[in-house]
Structure formats: structure tokens, C-alpha cells
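Each chain, written out:
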Amino acid sequence: MIEKKILEIIKSIYPSKTNIPLHEPFFDEGDYAIVADTVKSSFVSSVGEHVINFEKNIAEFTNSKMAVVTSNGTSALHVTLYALGVSQEHYVLTQALSFVATSNAIRHCGADPIFIDINKDTLGMCPDSLSSWLDNNAELNDRNECIYKVDGRIIKACLPMHTFGHALQIDKLISVCEQWKLPLIEDSAEALGTNYANQSVGTFGKAGIFSFNGNKIITTGGGGAIITNDEEFGRKIKHLSTTAKILHPYNFYHDEVGFNYRMPNLNAALGVSQLKKLASFLETKREIANYYRSNLENEDVSFVVEPNLCKSNYWLNTIICNDEEQKTNIIEFTNSQGVNTRPAWKPLNTLPMFNNLPKDELSVTEWAYKRIVNLPSSFNGYVR
Ligand SMILES: *Cc1c(COP(=O)(O)O)cnc(C)c1O
């Protein structure tokens with residue numbers, strides 16, 4: 001009975017909890033103090049030093065030229081695609097195995113997602129599938145735009161996702177995208193702290209985004225960030241995400257329709273304090289992953305481990321079951337015992353708002369959806 005063994009192993013590393021969540025945040029005295037001080041200062045909203053510092057610290061941590069912090073990861077994706085010029089005339093290539101926000105952001109711009117299959121090593125977009133889908137379905141026009149041959153609409157960008165904190169085969173994806181003149185945006189929402197070839201995810205494409213939602217590796221309550229090495233593009237994003245207001249001590253002048261997507265100073269304060277703990281979170285996450293693997297690898301399931309060249313943040317530990325029945329048994333049994341394991345997201349191409357769009361053959365996506373179980377992976381409460 002593998003589900004009993006899995007339950008026992010999970011309970012053994014979170015001994016103080018009767019109900020074990022999939023992922024919960026961790027806060028300490030430093031977090032409490034900076035949030036209280038920010039409230040007392042009255043600078044809780046659009047003005048304050050923490051936003052500036054948090055942006056600087058994120059840029060430093062990821063070794064990128066610029067960071068812009070936003071109200072959440074979805075708004076970070078939306079404003080980035082918007083700044084690229086994605087609109088209702090366009091398609092954006094993405095993956096069906098992702099949180100709904102990835103495709104929602106494409107639709108918020110009025111565009112449609114096209115779903116490309118993933119590979120088993122990364123659970124993210126497969127460079128070979130991307131390349132062959134484009135070979136079969138796209139052409140470059142005389143303005144070097146990538147066109148979907150069936151209806152002549154422009155494919156404007158590529159938006160793959162670093163799944164559960166494991167890095168995509170990003171160098172290969174970038175080279176396919178370069179060949180097809182497609183800017184690549186990395187949905188790195190789950191992957192803060194993950195490196196590929198010793199370089200932070202989010203820094204390979206035109207821009208990358210992070211999420212600081214309560215279930216991510218660090219949290220600001222709600223929050224997101226865009227990082228980029230293209231400072232002109234970064235300034236455009238900053239401008240668009242802050243109501244397109246021209247800076248002035250008292251005058252209001254906005255030169256286009258912008259978004260109110262800035263991160264409040266109160267949330268940024270928490271971010272500054274949480275980011276200081278990220279190195280220790282990363283160490284513990286790796287320890288949890290090793291513990292699960294060494295105690296369960298002789299059982300009848302396999303683990304998703306960090307792919308070639310990747311140093312993963314191990315945000316969510318993931319097992320691959322033999323079949324759908326085993327997956328259902330594990331999830332039902334552990335949840336009935338107060339332990340929150342969960343399946344992957346239902347592939348986005350099967351949701352009503354995205355089910356009638358051009359797509360790749362999605363056999364690995366379906367294979368993965370039938371077999372994935374995520375295990376509790378919090379830093380908080382972990383005892384070894
Ligand atoms: C969390 C997440 C986002 C953004 O989420 P927000 O809740 O808006 O911060 C986007 N994409 C993926 C893959 C995510 O996991």
C-alpha cells in the first residue's frame with residue numbers, strides 16, 4: 001500500500017501538524033517588525049522605500065539589470081505581454097500544463113494561446129515539439145513576422161513555464177524562438193532561486209516574471225515581479241504598471257492608458273524581509289526533496305528531479321505514478337487523512353475558455369496530468 005507509506009513519510013517530516021498543507025508561508029520576527037513599522041510610518045501604499053529596495057534586491061539576487069514589482073504574478077504577466085504589443089490580432093505559444101494565470105494573461109491582452117507539448121524531463125515546454133509545430137504550421141512573412149498558416153494571424157511571442165521550480169531547456173527554446181523571430185517571456189512564477197547553467201531563470205528571454213503569492217517560495221501576501229536585462233523594456237513596463245504617470249511632485253499627467261499594477265509599499269516591506277531568508281529556504285527545500293526521494297524511491301513511483309544543467313528550487317516535490325488509478329488512490333487517501341497532496345492542473349486546453357484553439361498534439365501533457373502528485377513541501381513546520 002504505497003499511499004500508507006507516502007502518508008507516513010510526509011507525517012514524519014511535519015510532526016507538529018495534524019493537517020499538513022501542500023505549501024504554507026513561513027514568517028519570523030523580522031517579517032512582523034518590518035510590516036508593523038511600515039504601517040506605523042503610514043507609507044503603506046504607492047510611495048515608500050521598500051518598493052525601491054525590493055526591486056533592487058530582486059535584480060541583484062537574479063543578476064538582472066532591472067526588476068519591477070507588481071500586485072501579483074498574473075498582473076506581471078499581463079503588463080509584460082501588453083508591453084510587447086500582444087493584442088487581439090495575435091497568438092502566443094504556451095503550455096497547457098500550467099496554472100490558469102499563464103493563459104489568462106494572454107487572453108487579458110485579447111490574444112489566444114496555442115498549446116505546445118511538454119517533455120518528461122522538465123514538465124515544461126519541449127523545444128523539439130515547439131520546433132516541429134512551427135515547422136509544420138508557421139511561416140515568416142516578408143516583415144519577419146511569424147504567421148500561423150491556417151488563418152494568417154501573427155504569433156507574437158512564446159511563454160513557457162518553469163514547472164514546480166524545475167528549469168525549462170531554456171537555451172534550446174531560445175534558439176528555436178530566435179529562428180522564428182519570437183520574443184520569449186519566462187513564466188518563472190514558481191521558480192525564484194532556480195538556476196539554469198548557473199544563471200537565474202527569468203534572465204534568458206526578453207523578460208521573466210515571478211509570483212509572491214502566499215503559496216510560493218517567498219511571499220508578499222500577494223505580489224509579483226518582472227525582471228529584464230533590457231532596460232528600455234523594463235522602463236516601459238514600470239511606466240505601464242504605474243498608471244503611465246509622468247513623475248512630478250504634484251501634477252497629474254498620464255501619457256497613455258496604464259495599469260494600476262504597482263506593488264504596495266506594505267507588501268514590498270514583507271518582500272524585503274522574506275528575500276533575506278530565501279537562501280535558507282532553498283537549502284531546506286533541497287533537503288526535503290532528498291528526504292522524500294531516499295525514503296520513497298524504492299516504492300512503486302518515480303520522482304521528478306532537477307533536469308540537466310538545472311539547479312532547482314524544489315518549490316513543490318512531484319512524484320510520477322504508474323497510472324491514473326495509483327494517482328487517485330494516493331491523493332484520495334492522503335487528503336482523507338488531512339494531508340494535502342494534489343494533482344497537476346487540468347490541462348488548460350480542456351478548460352471551456354481555451355478548448356477550441358490551435359494546439360500541438362499534447363500526449364506528454366496528458367501523460368503527465370494522469371500521473372502527477374505534488375507532495376507537501378513547506379519550509380514551515382519541517383523537522384528532520
Ligand atoms: C502562481 C503562478 C502565477 C501567478 O500567480 P499570482 O497568484 O497571480 O501571483 C503565474 N503562473 C504560474 C505558473 C504560477 O504558478
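Described in the following lines is the structure provided in the data block. (Residues numbered from 1 in each chain as written. Predicted model: local features only at pLDDT ≥ 70, side-chain atom pairs only at ≥ 80, totals over all residues. Heavy atoms only, no water.)

## What about helix 4 (residues 73-84)?
Moving on, step 1. Compared with the 16 Å implied by 1.5 Å per residue over twelve residues, the 17 Å span of helix 4 between its first and last C-alpha is a close match.
Moving on, step 2. Helix 4 sits mainly inside the fold: ten of its twelve residues count as buried.
Moving on, step 3. Taken residue by residue, helix 4 has Gly73, Ser75, Ala76, Leu77, His78, Val79, Thr80, Leu81, Ala83 and Leu84 as its buried positions.
Moving on, step 4. With a side-chain oxygen lying 3.1 Å from the backbone nitrogen of Thr74, the N-terminal cap of helix 4 falls on Asn72.
Moving on, step 5. Downstream of helix 4 by a residue or two, Gly85 has a phi angle that is positive, lying close to 95°. (Helix = DSSP H or I, 4+ residues; strand = E, 2+ residues; numbered from the N terminus. Expected span 1.5 Å × (residues − 1). Buried < 20%, exposed > 50% of the residue type's maximum accessible area, 1.4 Å probe, protein only. Polar contact = N/O pair within 3.5 Å; in protein donor to acceptor, adjacent residues only side chain to side chain.)

## Topic: a negative patch on the surface
Moving on, step 1. Together, Glu299, Asp300, Asp323, Glu324 and Glu325 give the surface a local cluster of negative charge.
Moving on, step 2. Tracing the backbone shows Glu325 in helix 11 (residues 324-336). (Patch = residues over 30% accessible without salt bridge, like charges linked within 9 Å, V, L, I, M, F, W, Y side chains within 5 Å. Areas by Shrake-Rupley, 256 points an atom, 1.4 Å probe, with all protein chains shown as cover. Salt bridge = Lys/Arg side-chain N within 4 Å of Asp/Glu carboxyl O. Lys, Arg positive; Asp, Glu negative; His and termini not counted. Charge placed at Lys NZ, Arg CZ, Asp CG, Glu CD.)

## Overview of empty space enclosed by the protein
Moving on, step 1. One pass over the full model with this rule turns up one cavity of 30 Å³ or more.
Moving on, step 2. Taken as a whole, the largest cavity holds about 60 Å³ of empty space.
Moving on, step 3. Forming the boundary of the largest cavity are His23, Glu24, Pro25, Phe26, Lys216, Ile217, Ile218, Thr219, Gln274, Phe281, Lys285 and Phe379. (1 Å grid on protein atoms, 1.4 Å probe; cavity = no way out; pocket = protein on both sides within 12 Å on 5 of 7 lines; lining within 4 Å. Points joined across faces, edges and corners; volume = space filled by probe spheres on them.)

## Digging into the nonpolar core
Moving on, step 1. Judged by nonpolar contacts, the single largest core of 64 residues is most densely connected at Phe54, Leu93, Leu130, Leu134, Ile155 and Phe212.
Moving on, step 2. Among the elements that make up this core, the one with the highest residue count is helix 7 (residues 170-179) (five residues).
Moving on, step 3. The contact partners of Ile155, leaving out residues within four places of it in the chain, are Tyr91, Leu93, Ile114, Trp133, Leu134, Ala138, Cys146, Ile147, Tyr148 and Leu182.
Moving on, step 4. Ala83, Ile185, Ala207 and Phe259 belong to the second largest nonpolar core, which has 26 residues in total. (Core = buried A, V, L, I, M, F, W, Y, C linked by side-chain atoms within 4.5 Å. Contact = heavy atoms within 4.5 Å.)

## A look at the packing of helix 4 against helix 5 (residues 101-108)
Moving on, step 1. The geometry of helix 4 relative to helix 5 is characterised by a closest axis approach of 9 Å and an angle of 40° between their N-to-C directions. Classed by the angle they form, the pair helix 4 and helix 5 counts as oblique. You can see that helix 4 and helix 5 cross each other, and the crossing is right-handed. Each of Thr74, Leu77, His78 and Leu81 in helix 4 lies in contact with helix 5, whose residues at this interface are Ala101, Thr102, Ala105, Ile106 and His108.
Moving on, step 2. By residue class, the composition of the contact of helix 4 with helix 5 is five nonpolar, four polar and no charged. (Axes fitted to C-alpha atoms, helices over the stretch in contact; angles between N-to-C directions. Parallel < 35°, antiparallel > 145°, perpendicular 65-115°, else oblique. Left-handed = near helix turned anticlockwise from the far one by under 90°. Nonpolar A, V, L, I, M, F, W, Y, C, P; charged D, E, K, R; others polar.)

## Digging into the environment of Ser103
Moving on, step 1. With respect to the secondary-structure elements, Ser103 resides in helix 5.
Moving on, step 2. Those residues in contact with Ser103 that sit more than four places away from it in its chain are Thr94, Pro113, Phe115, Leu348 and Phe354.

## Focus: the sheet that holds strand 14 (residues 317-320)
Moving on, step 1. With antiparallel pairing, three strands are arranged side by side in an open sheet as 12-14-15. Each edge of the open sheet carries a strand with a single partner, namely strand 12 (302-303) and strand 15 (372-375).
Moving on, step 2. Taken together, the four bridges between strand 14 and strand 15 define a ladder with antiparallel strand orientation. The partner of Asn317 across the bridge, within strand 15, is Leu375. (Pairing = 2+ DSSP bridges.)

## Thoughts on the pairing of strand 1 (residues 66-70)
Moving on, step 1. In terms of residue burial, strand 1 counts as a mostly covered element, since five of its five residues are buried.
Moving on, step 2. Burial along strand 1 is two-sided: the residues Met66, Val68 and Thr70 and Ala67 and Val69 are all buried.

## Digging into the packing of aromatic side chains
In this description, a pair of aromatic rings is defined by centroid distance and the angle of the planes.
Moving on, step 1. This structure, assessed with the given rule, holds twelve aromatic pairs.
Moving on, step 2. Geometrically, the ring pair formed by Phe115 and Phe354 is edge-to-face, given 6.4 Å between the ring centres and 80° between the ring planes. Separated by 239 residues along the polypeptide, Phe115 in strand 3 (residues 112-116) and Phe354 in the loop between helix 11 and helix 12 (363-371) bring together distant segments of the chain.
Moving on, step 3. Given a relative accessible area of 0%, Phe115 falls into the buried group.
Moving on, step 4. Under the relative-accessibility criterion, Phe354 is labelled buried at 1%.
Moving on, step 5. Taking the centre distance of 4.8 Å and the plane angle of 10° together, the rings of Phe259 and Tyr261 count as stacked. Comparing Phe259 with Tyr261 shows no difference in burial state: the two are buried.
Moving on, step 6. Here Lys206 stacks its cationic end above the ring of Phe233, 4.7 Å away from the centre of that ring. (Phe/Tyr/Trp six-rings, centres within 6.5 Å; stacked < 30°, edge-to-face > 60°. Lys NZ or Arg CZ within 6 Å of the ring centre and 35° of its normal.)

## A short note on the site of the ligand
Moving on, step 1. Taken together, 15 residues sit near the ligand, with Gly73, Thr74, Glu190, Ser211 and Lys216 positioned nearest.
Moving on, step 2. One nitrogen or oxygen atom from the side chain of Ser211 is found 2.7 Å from an oxygen atom belonging to the ligand.
Moving on, step 3. Judged by its atoms lying within 2 Å of the grid points, the ligand is housed in the second largest pocket.
Moving on, step 4. Only helix 4 and helix 5 provide two or more residues apiece to the shell around the ligand. (Near = heavy atom within 4 Å. Sits in = over half its atoms within 2 Å of the grid points.)

## Here's the deal with the layout of surface pockets
Moving on, step 1. Space inside the largest pocket adds up to approximately 530 Å³.
Moving on, step 2. Around the largest pocket, the lining comprises 14 residues; the ones closest to its centre are Ser46, Lys238, Thr242, Leu247 and Arg262.
Moving on, step 3. Contributing elements (two or more residues each) for the lining of the largest pocket: helix 3 (49-62) and helix 8 (231-241).
Moving on, step 4. Sort the elements by how many residues they give to the lining of the largest pocket and helix 3 lands first, with three residues.
Moving on, step 5. Its residues assigned to classes, the lining of the largest pocket comprises five nonpolar, five polar and four charged.
Moving on, step 6. For the second largest pocket, the calculated volume is near 280 Å³.
Moving on, step 7. If you go around the second largest pocket, you meet 22 residues; those closest to its centre are Phe99, Ala101, Ala189, Ser211 and Lys216.
Moving on, step 8. Residue assignment for the lining of the second largest pocket shows that the elements contributing at least two residues are helix 4, helix 5 and strand 10 (207-211).
Moving on, step 9. The element best represented in the lining of the second largest pocket is helix 4, accounting for three residues.
Moving on, step 10. Across the lining of the second largest pocket, the residue classes tally to eight nonpolar, ten polar and four charged.

Interpretation in functional terms is not warranted from these geometric data alone.
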